[in-house]
Amino acid sequence: MKRSKLSFSSIFLVVACLVVVMAILYLNVINNRSLINLKASADTVENQYRQLALLRKTHESLNESAEAHHLYALTNDAKEAQR
């Protein structure tokens, strides 16, 4: 059998392809880490948003209650209840 020799350009091409494949795999790992961090950040923001939404709803309820109490205090019903 005849032994084939690889030329310098063929070896260079194989090495360049391996470097490109390794770079793509490395970038894939970095991208996956970034996606994991992004998901964790989104979960944190979503949790904080739920808490803020609850606080806003509570604040609106308290304002409505304060307005209702203020109107009640201005009516005759409140004055008769004090007697």
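You'll find the structure just up there.
J.: Would you mind going over the overall build of the chain with me for this structure?
T.: When helices and strands are counted, the chain shows two helices and zero strands. Split by element, the accessible area of the chain, about 8,300 Å² in all, is 64% carbon and sulfur.

J.: Would you mind going over the pattern of salt bridges with me for this structure?
T.: Charged atoms that come close allow side chains of opposite charge to pair. Applying the stated criterion across every chain, the model contains two salt bridges. The residue lysine 39 makes a salt bridge to aspartate 43 at a minimum N-O spacing of 3.5 Å. A residue pair is termed a helical-turn pair when its members lie 3 or 4 positions apart in one helix, as lysine 39 and aspartate 43 do in helix H1 (residues 8–74) at four residues. Using a relative accessible area of 39% as the deciding quantity, one classes aspartate 43 as partly exposed.

J.: I keep staring at the packing of aromatic side chains and nothing clicks. Help me out?
T.: To describe a pair of aromatic rings, one takes the distance between the centres and the angle between the planes. According to the stated counting rule, one finds one aromatic pair in the structure shown. The interplanar angle of 25° and the centroid separation of 6.5 Å between the aromatic rings of phenylalanine 8 and phenylalanine 12 together place this pair among those described as stacked. Here phenylalanine 8 and its partner phenylalanine 12 are both found in helix H1, four residues apart, which amounts to about one turn of the helix. Assigned by exposure class, phenylalanine 8 and phenylalanine 12 land together as exposed.

J.: Can you walk me through a nonpolar patch on the surface in this structure?
T.: A cluster of nonpolar side chains, namely Leu6, Ile11, Val15 and Val19, defines an oily patch on the protein surface of about 370 Å² accessible area. One can find leucine 6 in the segment before H1. The exposed category is assigned to leucine 6, whose relative accessible area is 61%.

So, how was this worked out
- Residues numbered from 1 in each chain as written.
- Predicted model: local features only at pLDDT ≥ 70, side-chain atom pairs only at ≥ 80, totals over all residues.
- Heavy atoms only, no water.
- Helix = DSSP H or I, 4+ residues; strand = E, 2+ residues; numbered from the N terminus.
- Areas by Shrake-Rupley, 256 points an atom, 1.4 Å probe, with all protein chains shown as cover.
- Salt bridge = Lys/Arg side-chain N within 4 Å of Asp/Glu carboxyl O.
- Buried < 20%, exposed > 50% of the residue type's maximum accessible area, 1.4 Å probe, protein only.
- Phe/Tyr/Trp six-rings, centres within 6.5 Å; stacked < 30°, edge-to-face > 60°.
- Patch = residues over 30% accessible without salt bridge, like charges linked within 9 Å, V, L, I, M, F, W, Y side chains within 5 Å.

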